[in-house]
Amino acid sequence: MSSALLTLNNLRPDDGWDAASFWVFLTWFAISAIYFLYLLRVRQNDAPFWDEEEARRADWDHRGRQL
């Protein structure tokens, strides 16, 4: 999010156009967006593991309450 704000801030700089930093921030934003999408994909692919772990914990809690 901060990279998006920094990139948008460079669209209207106060002291003139600085194309180099604009492209650096734009590249930084693109890499951040790609990494965010990668994390969403990893989270989706790991969902069965976490569901199984949650079922195991629920079973453990259920057995503990029976005692």
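Per chain, residues are indexed from 1 in the order of the written sequence. Reporting in this predicted model follows two pLDDT cut-offs: at least 70 for local features of residues, and 80 or more for side-chain atom pairs to be given and counted; totals over whole chains, interfaces and linings ignore these cut-offs and use all residues. For side-chain calculations, the full set of non-hydrogen atoms in the structure is used, while hydrogens and water are omitted.

*Asks:* Even after reading the chapter, I still don't get the overall build of the protein chain, so can you show me in this structure?
*Replies:* Each helix is a run of H or I in the DSSP string that is no shorter than four residues. Each strand is a run of E no shorter than two, and both are numbered from the N terminus. Of the regular secondary structure elements, the protein chain holds 3 helices and 0 strands. Tracing the protein chain from N to C terminus, the helices and strands come up as α-α-α. For the exposure calls, accessible area comes from a 1.4 Å probe over protein chains only, and a residue counts as buried if that area is under 20% of its type's maximum, exposed if over 50%, partly exposed in between. Within the protein chain, buried positions represent 10% of all 67 residues. For the protein chain, the exposed surface amounts to about 6300 Å²; the carbon and sulfur share of it is 62%. For the area figures, the Shrake-Rupley method with a 1.4 Å probe applies, and any residue is considered shielded solely by the protein chains shown.

*Asks:* What is the right way to look at a nonpolar patch on the surface in this model?
*Replies:* A cluster of nonpolar side chains, namely Y35, Y38 and L39, defines an oily patch on the protein surface of about 330 Å² accessible area. Tracing the backbone through its elements, the reader meets L39 in helix α2 (residues 19–45). Patch definition: residues above 30% relative accessible area lacking any salt bridge, with like charges linked at up to 9 Å and the nonpolar side chains Val, Leu, Ile, Met, Phe, Trp and Tyr linked at up to 5 Å. For this document, the term salt bridge refers to a Lys or Arg side-chain nitrogen within 4 Å of an Asp or Glu carboxyl oxygen.

*Asks:* How should I be thinking about the pattern of salt bridges in this particular structure?
*Replies:* For side chains bearing opposite charge, pairing can occur when the charged atoms are close. Scanning the model with the defined rule gives 4 salt bridges in all. Ionic pairing is found between E52 and R56, a salt bridge with its closest N-O pair at 2.9 Å. Within this pair, E52 and its partner R56 are both found in helix α3 (residues 47–66), separated by 4 residues, close to a single helical turn. The class of E52 is partly exposed, set by a relative accessible area of 48%. Owing to a relative accessible area of 45%, R56 belongs among the partly exposed residues under this scheme. Here E53 and R57 are joined by a salt bridge, their closest N and O atoms 3.8 Å apart. Pair noted here: E53 and R57 are both in helix α3, with a separation of 4 residues, about one helical turn. Judged by its relative accessible area of 19%, E53 falls in the buried class. Here the residues in one salt-bridge network are E52, E53, R56 and R57, joined through shared partners.

*Asks:* Would you mind showing me how to read the packing of aromatic side chains here?
*Replies:* Each aromatic ring pair is specified by the distance between its two centres and by the angle formed by the two planes. Here is the rule: rings of Phe, Tyr and Trp (six-membered ring for Trp) pair when centre to centre is within 6.5 Å. Planes less than 30 degrees apart are stacked, more than 60 are edge-to-face, and the remainder are tilted. Evaluation of the coordinates by the stated rule reveals 2 aromatic pairs. Judged by centre distance (4.9 Å) and plane angle (75 degrees), the rings of F49 and W50 are edge-to-face.

*Asks:* Any chance you could explain the confidence of the model for the protein chain here in plain terms?
*Replies:* If pLDDT is low for a region, its predicted coordinates should not be looked at in detail. Looking at any residue, its pLDDT shows the predictor's confidence there, from 0 to 100. Confidence in the prediction of the protein chain, expressed as mean pLDDT, is 80, and 75% of residues score 70 or more. When pLDDT is averaged over each element of the protein chain, α3 comes out on top at 87 and helix α1 (residues 2–9) at the bottom at 64.

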